[in-house]
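Chain residues, written in single-letter form:
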Amino acid sequence: MTIDLNRMSFLYVEDDEFSRDIMTMMFVRFLEAPNLYVFNDSSNFVERVKALPIKPSLIMLDIHMKPNSGFALLENLRSQPDFMTTPIVAVTASVMNEEVNKLHRAGFDGAIGKPIDAVVFPNLLMRLLNGEKVWHVIN
């Protein structure tokens, strides 16, 4: 199946400026995916997601944010009918076994450990967009 990234939109929620810059670079430079929305905090999250011009095809959430954690954002999104089946992936530096198990139990569709490897990221993204649950964390 061929995926046209130009027809999709992506949302990345991250409070760390360096991480936002890296993700933006990977989406734009390596993937030529123009429809990336980036939130620099988790305030008023559901309202802001609903206000996007295009519903995200994939949502990537940092886990340790304020005022709301990635777990809280996941729960808030999953309570919305429009986002019950949207792929939602954790992006986190917390990759110990217990924390990864907690991500599984919470209902994330996958996790990508930080620092994100720019060489493997395009393949991980394609796998996610093809409906695969991707757990790429390196302890």
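Please refer to the structure higher up on the page.
All of the points below concern the structure found in this document. Everything quoted here is computed from the prediction, not taken from an experiment.

**Some thoughts on the overall build of the protein**
Then step 1. The number of helices and strands found in the protein is 5 helices and 6 strands.
Then step 2. Its C-alpha atoms give the protein a radius of gyration of 14 Å, near enough to 14 Å, the size a compact globule of 139 residues would have.
Then step 3. Across its three principal directions, the C-alpha atoms of the protein cover 35 × 35 × 30 Å.
Then step 4. Restricting the contact set of the protein to residue pairs at least 6 apart, pairs at least 24 apart contribute 67%.

**Comments concerning the nonpolar core**
Then step 1. Ranked by internal contacts, the top residues of the largest apolar core, which has 22 residues, are F10, F27, M60 and F121.
Then step 2. Those elements that provide at least two residues to this core are β1 (10–13), α1 (17–30), β3 (58–62), β4 (88–92) and α5 (121–129).
Then step 3. Top contributing element to this core by residue count: α5, with 5 residues.
Then step 4. Residues L11, I59, M65 and F83 belong to the second largest nonpolar core, which totals 20 residues.

**Structural notes on a negative patch on the surface**
Then step 1. The grouping of D15, D16, E17 and D21 at the surface amounts to a negative patch.
Then step 2. Mapped onto the fold, D16 is located in the loop between β1 and α1.
Then step 3. For D16, a relative accessible area of 34% corresponds to the partly exposed category.

**Some remarks on the environment of F30**
Then step 1. Relative to the helices and strands, F30 is located in helix α1.
Then step 2. Here F30 falls in the partly exposed class, since its relative accessible area comes to 43%.
Then step 3. Those residues in contact with F30 that lie beyond four places of it in its chain are M25 and A118.

**Details of the pattern of salt bridges**
Then step 1. This model, assessed by the stated rule, comprises 7 salt bridges.
Then step 2. A salt bridge links R48 to D41, with the nearest nitrogen and oxygen atoms 2.8 Å apart.
Then step 3. For R48, a relative accessible area of 25% translates into the label partly exposed.
Then step 4. As a salt-bridge pair, D109 and R78 come within 2.7 Å of each other at their nearest N and O atoms. Of the two residues, D109 sits in the loop between α4 (97–106) and β5 (110–113) while R78 sits in helix α3 (residues 70–78), which places them 31 residues apart along the sequence.
Then step 5. Using a relative accessible area of 13% as the deciding quantity, one classes D109 as buried.
Then step 6. Within this structure, E14, D62 and K114 form a network of salt bridges that share partners.

About the criteria used
- Residues numbered from 1 in each chain as written.
- Predicted model: local features only at pLDDT ≥ 70, side-chain atom pairs only at ≥ 80, totals over all residues.
- Heavy atoms only, no water.
- Helix = DSSP H or I, 4+ residues; strand = E, 2+ residues; numbered from the N terminus.
- Rg over C-alpha atoms; globule rule 2.2 N^0.38 Å.
- Contact = heavy atoms within 4.5 Å.
- Core = buried A, V, L, I, M, F, W, Y, C linked by side-chain atoms within 4.5 Å.
- Buried < 20%, exposed > 50% of the residue type's maximum accessible area, 1.4 Å probe, protein only.
- Patch = residues over 30% accessible without salt bridge, like charges linked within 9 Å, V, L, I, M, F, W, Y side chains within 5 Å.
- Areas by Shrake-Rupley, 256 points an atom, 1.4 Å probe, with all protein chains shown as cover.
- Salt bridge = Lys/Arg side-chain N within 4 Å of Asp/Glu carboxyl O.
- Lys, Arg positive; Asp, Glu negative; His and termini not counted.
- Charge placed at Lys NZ, Arg CZ, Asp CG, Glu CD.

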